[in-house]
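Close look at the chain arrangement
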Amino acid sequence: MGAYPQIVDWNEDGKKDLLVGDAYGYVSIFLNQGTNQQPNLTHSGFIQVNGSDLTVGGKATPCVNDWNEDGKKDLLIGREDGRVTLLIINEGANENPSFNTIQFIQANGSDLDVGFSKEDRSAPKATDLDGDGLKDLIIGQKDGKVYFYSNSGTNVNPVFSTGVNLQAGGSILTVGGYSRLDVVDWDEDGDLDLLVGEEQGYVNLFRNSTVGVDKRGSNSLIKPLDYALLQNYPNPFNQRTKIQFLLPENGPIRLSIYNSCGQLIAVLIDDFCSAGGYEAAWDSENFCSGSYFAVLDVGGEKNWIKMLVVK
């Protein structure tokens, strides 16, 4: 089943209340009738849109954020299929939120989606992780990884491109499945750290210096230390898979797909790319089961991974 909580002063009375997403996609409101020291929570209905109880289809994971910077709380809600729903926008008062429309957050012009199936379950947080003054998105997922979407727009109108996996200790940050996270300056050193829960019940602490946030002047940014072609996900796969790679500097790159006989069957990217993280999708609908290889060519230096199509 599952319950996905978010602490917030929902009715602005100075006391901690609770939003709880559930397995059916609803978000319950629990108002605190006690004190902050001794909370007494009472179920006060569900989040509604246009007067009806909202359901996002399953595994609702709420995150409160003033998305359009108007001083009122809005909602992000992760959902079962990996997409992230934005409840646009609080059109009521801050002490009595009112929602009328729903839209999906966009990345690269399409719905932001960290999933491949009905069970991938996005868990979003909006925060300025890279220290540039703009709110970014970090999203937990079924595979135990944490996805980072940098904001290149403004706080009022965020613009997100392709997400990258956060890294820890030189490898992709991964916990034991169904990563759920919170952001806090755990060690009080002035930057944000990550608490990441997982399926087995553990809570993992990742201090900022180990997550892959590279300080540069007054800003911070996610920057890989070396070229890397990451293992595709899912793998094995039936039809569609995603391939991520990391570039430490600008340059021409070529990402290609070869069959087991060494024949070139697809070129996914052939372009000059800036430093950062990238993601490409490959659709194997017209190809039979078997082994295939993704090859990343960066200035003549080649990296490859083996992929398995099972139909």
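The preceding data block contains the structure.
Residues numbered from 1 in each chain as written. Predicted model: local features only at pLDDT ≥ 70, side-chain atom pairs only at ≥ 80, totals over all residues. Heavy atoms only, no water.

1. Considering the sheet that holds strand β2 (residues 17-22)
Adjacent strands of a sheet form backbone hydrogen bonds with each other and so pair up, either parallel or antiparallel. Rules: Two strands pair if DSSP finds at least two bridges between them. Helix and strand definitions here come from DSSP, where helices need a minimum of 4 consecutive H or I residues and strands a minimum of 2 consecutive E residues; each element is numbered from the N-terminal end. Whenever a helix is involved, its axis is fitted only over the stretch in contact; in every case the axis is a line through C-alpha atoms, and angles between N-to-C directions fall within 0 to 180 degrees.
Taken together, 4 strands build an open sheet; the order of strands is β1-β2-β3-β4 and the sheet is antiparallel. Both edges of this open sheet fall to β1 (3-8) and β4 (41-46), since each of them pairs with a single strand only. Here the average twist between neighbouring strands, direction ignored, is 25°. Summarising the sheet, β1 and β2 pair through 6 bridges and their orientation is antiparallel. Of the residues in β2, the one forming a bridge with Ile-7 is Leu-18.

2. Focus: the packing of aromatic side chains
Basically, it comes down to this: Between 30 and 60 degrees the pair is tilted, below 30 it is stacked and above 60 it is edge-to-face, where a pair is any two Phe, Tyr or Trp rings, Trp via its six-membered ring, whose centres lie within 6.5 Å. Whether a residue is buried, partly exposed or exposed follows from its accessible area with a 1.4 Å probe, protein chains only, as a fraction of its type maximum: under 20%, in between, or over 50%, in that order.
The full count for this structure, using the stated rule, is 8 aromatic pairs. Their ring planes at 55° and their centres at 5.6 Å tell us that Tyr-26 and Phe-46 sit as a pair that is tilted. On the criterion of sequence distance, the pair formed by Tyr-26 in the loop between β2 and β3 (27-32) and Phe-46 in strand β4 is long-range, its members being 20 residues apart. Judged by its relative accessible area of 30%, Phe-46 is partly exposed. Here the aromatic cluster, defined as three or more aromatic residues joined through ring pairs, consists of Phe-237, Trp-282, Phe-287 and Tyr-292.

3. Some details on the layout of surface pockets
Applied cut-off: Lining residues are those with an atom within 4 Å of a point, where the points come from a 1 Å grid over the protein atoms alone and group into cavities, where a 1.4 Å probe fits but cannot get out, or pockets, open sets with protein on both sides within 12 Å along at least five of seven lines. Grid points are joined across faces, edges and corners, and a volume is the space filled by probe spheres set on the points. Under the scheme applied here, ten amino acids are nonpolar (Ala, Val, Leu, Ile, Met, Phe, Trp, Tyr, Cys and Pro), four are charged (Asp, Glu, Lys and Arg), and all others, including Gly, are polar.
The calculated volume of the largest pocket comes to roughly 560 Å³. Along the wall of the largest pocket there are 22 residues; nearest its centre are Pro-5, Arg-180, Leu-181, Asp-182 and Gly-197. The leading source of residues in the lining of the largest pocket is β1, at 5 residues. Looking at side-chain class alone, the lining of the largest pocket contains 13 nonpolar, 3 polar and 6 charged residues.

4. Considering the nonpolar core
Defined as follows: In this text, buried Ala, Val, Leu, Ile, Met, Phe, Trp, Tyr and Cys residues form a nonpolar core when linked through side-chain atoms within 4.5 Å. Any two residues whose heavy atoms approach within 4.5 Å are treated as being in contact.
Ile-243, Phe-245, Ile-253, Leu-255, Ile-257, Trp-282 and Met-307 are the most contacted members of the largest nonpolar core, which has 20 residues in total. For this core, the elements supplying multiple residues, two or more each, are β25 (240-247), β26 (251-259), β27 (264-273), β28 (276-283), β29 (290-298) and β30 (301-309). The leading source of residues in this core is β29, at 4 residues. For Met-307, the contacting residues outside a window of four places in its chain are Asn-232, Asn-235, Phe-237, Thr-241, Ile-243, Ile-257, Trp-282, Gly-290, Ser-291, Tyr-292, Phe-293 and Ala-294.

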